[in-house]
Amino acid sequence: MNSRHLSTINPFLKISRYIIIPALIILSLLSVTLTGHAKSSKHELNRIKDITYNSKGNKEKITLFLQKETSYRECFLDHNPKQKLPYRLYLDLKDTTLSSKVNKPDTPSSSNIKRIRVAQKDSTTTRVVLDIKNKIFQEDYKITRSRNRKAIIIEIKNKKAKQTDKSKSVKEVVLPEKYTKKKTGSAPGLCTVVIDPGHGGKDPGATGYQKTREKDVCLSLGLKLKKLINSKKGYKAILTRNSDIFLSLDDRGAIANENNADIFISLHANSHENTKITGIETYYLSFASDEDARKVAARENFTTPSKISDLEMIFFDLLQNNKINQSSILAGHIHNAMVSKISDKYQEKIRNLGIKHAPMRVLINTEMPCILIETAFISNPKEAKQLKSKAFQDTLSVSIFNGIENFRSARKTAFNKTAP
Ligand SMILES: [Zn+2]
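Not measured: the values here are computed from a predicted model.

1. Description of the overall build of the protein chain
And step 1. The secondary structure content of the protein chain amounts to nine helices and 16 strands.
And step 2. Scored against the burial criterion, the 420 residues of the protein chain give a buried share of 52%.
And step 3. Excluding contacts between residues fewer than 6 apart, the proportion of contacts in the protein chain whose partners are at least 24 apart in sequence is 75%.
And step 4. Put simply, the protein chain shows about 20100 Å² of open surface, and 51% of that area lies on carbon and sulfur atoms.

Next up, the structure:
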């Protein structure tokens, strides 16, 4: 395998995370090559007109017909059996927007191409992904242009007959350094927690019982949690907002990154059309764990459940990183601390909806362990009252802090165990 086709960090592709959507950054960090020399107009975006499939002998051909010549970036990703991800070859087409009329061809069952996926990655980039069944090497695929340079041709050898070839190996995908290396910046030993009270300003979030607004309860809980954390030795808390202002979802993560936070916690309140529904749930970033998680993510992302699957595609190439593992552990510690403390204090069973995962937009560009808590249902009369009460907010704050402490001590133990 030529190193040109492996995922390494390209220093020339570092683009400010505050300008372009976070997914693009990950992409630029993972990407390998920049190919093509198109002089595309900045004003007029290119479109994919058609995608075709055909095969001849042991060669399979996917052709992307474009309106005009476009530069693209290609990347090959290793499979990940744990996450059930196949080998993937993707192309990011620059200055291209997805036409809704594009047909994705079906591939026959004998094909080495399992599936073709197409999605708009950001306002000017379209990603085409080929999910590949069997392991392939550099010599097994080839990307060329048509004579008029408007079409991009991906040719892949169908290796069905050669599955048992073990003599060659594909190098593992190299993770971007920022996910494998501990950030320095804040004082040694100091734990910086960025607390993000959900919504705010023109965005009230969910409106519940007696017009209780999500943005208000999140802010007062956030202020309380900040005060508590700042009173503890070795901790520093920062709020993404400390008043009723609007902040974009991407800006919230950016604040955590700028402050070299160790932990990011986004605070929210749940809502359901059935006002009888109650409970607490904690999210970390990944695919939607179920239909309900998909609905919650859609609401928090200002989108619809059907669009969530497009957003999920962005995570295909992200899932292997350490941030997600650490976030799931953090979610476990904080969620369990909240459930046990609230049950103790209120001597009644709270509905434990568990730890879930979903493509929560606010968690995408944060570079540290990050979670989103749906503290209670604002749509339920009893929980809406609780959410507004000082006593309940105190209990939540204390338990969230206990969870952070548990997370940190478990981590220390893990580090000590591996130390020589
Ligand atoms: Zn919310």
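So, next bit.
2. Some details on the environment of Ser379
And step 1. In this fold, Ser379 is placed in the loop between β16 (370–377) and α8 (381–388).
And step 2. Among the residues examined, Ser379 registers a relative accessible area of 8% and is labelled buried.
And step 3. Spatially, the C-alpha atom of Ser379 lies 8.0 Å from that of Ile277, the residues being 102 residues apart in sequence.
And step 4. Side-chain polar atoms of Ser379 contact the backbone nitrogen of His272, separated by 2.9 Å.

3. Here's the deal with α8
And step 1. Of the positions making up α8, those classed as buried are Glu383, Ala384, Gln386 and Leu387. Mapping the buried residues of α8 onto a view down its axis gives an arc of 160 degrees, with all of them on the same face.

4. Concerning the nonpolar core
A general trend in soluble globular proteins is that nonpolar side chains are found buried together.
And step 1. Judged by nonpolar contacts, the single largest core of 36 residues is most densely connected at Val193, Ile229, Ile265, Ile334, Ile400 and Ile404.
And step 2. Of all elements in the fold, only β11 (191–197), α3 (214–230), β12 (235–239), β13 (263–270), β14 (280–285), α7 (322–346), β16 and α9 (390–418) reach the threshold of two or more residues within this core.
And step 3. In terms of residue count, the dominant contributor to this core is α7 (seven residues).
And step 4. Among residues more than four places away in sequence, those in contact with Ile404 are Val193, Ile229, Tyr235, Ile263, Ile265 and Ile334.
And step 5. Ranked by size, the runner-up nonpolar core spans 25 residues in total, among them Tyr53, Leu89, Ile143 and Ile154.

5. What about the packing of aromatic side chains?
The description of two aromatic rings rests on the distance between their centres and on the angle between their planes.
And step 1. Scanning all chains against the criterion turns up two aromatic pairs.
And step 2. On the basis of an interplanar angle of 75 degrees and a centroid distance of 4.9 Å, the ring pair of Tyr235 and Phe401 is categorised as edge-to-face. Taken together, the positions of Tyr235 in strand β12 and Phe401 in helix α9 put the pair 166 residues apart, joining distant regions of the chain.
And step 3. Accessibility expressed as a relative area gives 3% for Phe401, which makes it buried.
And step 4. Note on Tyr346 and Phe392: the rings are 5.8 Å apart at their centroids and 65 degrees apart in plane angle, and the pair reads as edge-to-face.

6. Remarks on the pattern of salt bridges
And step 1. Scanning the model with the defined rule gives 15 salt bridges in all.
And step 2. Taken together, the salt bridges that share partners define one network made up of Arg115, Arg117 and Asp131.

7. Topic: helix α4 (residues 249–258)
And step 1. Among the ten residues in α4, seven count as buried, and that is most of the element.
And step 2. Among all positions in α4, only Leu249, Arg252, Gly253, Ala254, Ile255, Ala256 and Asn257 are buried.
And step 3. Against β11, β13 and α5 (291–300) lie the buried residues of α4.
And step 4. Trailing α4 by a residue or two, Asn260 shows a phi angle of about 50 degrees, which is positive.

8. Points about the side chain of Arg241
And step 1. Along the polypeptide, Arg241 turns up in the loop between β12 and α4.
And step 2. Polar contacts involving the side chain of Arg241 include one to the main-chain carbonyl oxygen of Pro197, which spans 3.0 Å.
And step 3. A distance of 2.8 Å separates a polar side-chain atom of Arg241 from the backbone oxygen of Gly198.
And step 4. Excluding its chain neighbours within four sequence positions, the residues that come into contact with Arg241 are Pro197, Gly198, His199, Gly200, Lys215, Leu219, Leu247 and Arg252.

9. Things to note about the sheet that holds strand β10 (residues 151–157)
And step 1. On the basis of which strands lie adjacent, the open sheet formed by five strands has the order β6-β2-β3-β10-β9 and mixed pairing. The sheet is open, and its two edges are formed by β6 (96–97) and β9 (141–145), each paired on a single side.
And step 2. Relative to β6, strand β2 (residues 46–56) runs parallel, the two sharing two bridges. Bridge assignment links Asn46 to a residue of β6, and that residue is Thr96.

10. Here we look at the sheet that holds β11
And step 1. Read across the open sheet, the six strands follow the order β12-β11-β13-β16-β14-β15; overall the sheet is mixed. Across the chains shown, the open sheet's two edge strands, defined by having one partner strand only, are β12 and β15 (352–358). The average undirected angle you get between the axes of adjacent strands in this sheet is 20 degrees.
And step 2. Relative to β15, β14 runs parallel, the two sharing six bridges. Across the sheet, Ile280 pairs through a bridge with Asn352, a residue of β15.
And step 3. Sheet strands in contact with α7 are β13, β14, β15 and β16, and its direction is about 170 degrees off that of β14.

Rules used throughout
Residues numbered from 1 in each chain as written. Predicted model: local features only at pLDDT ≥ 70, side-chain atom pairs only at ≥ 80, totals over all residues. Heavy atoms only, no water. Helix = DSSP H or I, 4+ residues; strand = E, 2+ residues; numbered from the N terminus. Buried < 20%, exposed > 50% of the residue type's maximum accessible area, 1.4 Å probe, protein only. Contact = heavy atoms within 4.5 Å. Areas by Shrake-Rupley, 256 points an atom, 1.4 Å probe, with all protein chains shown as cover. Polar contact = N/O pair within 3.5 Å; in protein donor to acceptor, adjacent residues only side chain to side chain. Arc of directions from axis to C-beta. Core = buried A, V, L, I, M, F, W, Y, C linked by side-chain atoms within 4.5 Å. Phe/Tyr/Trp six-rings, centres within 6.5 Å; stacked < 30°, edge-to-face > 60°. Salt bridge = Lys/Arg side-chain N within 4 Å of Asp/Glu carboxyl O. Pairing = 2+ DSSP bridges. Axes fitted to C-alpha atoms, helices over the stretch in contact; angles between N-to-C directions.

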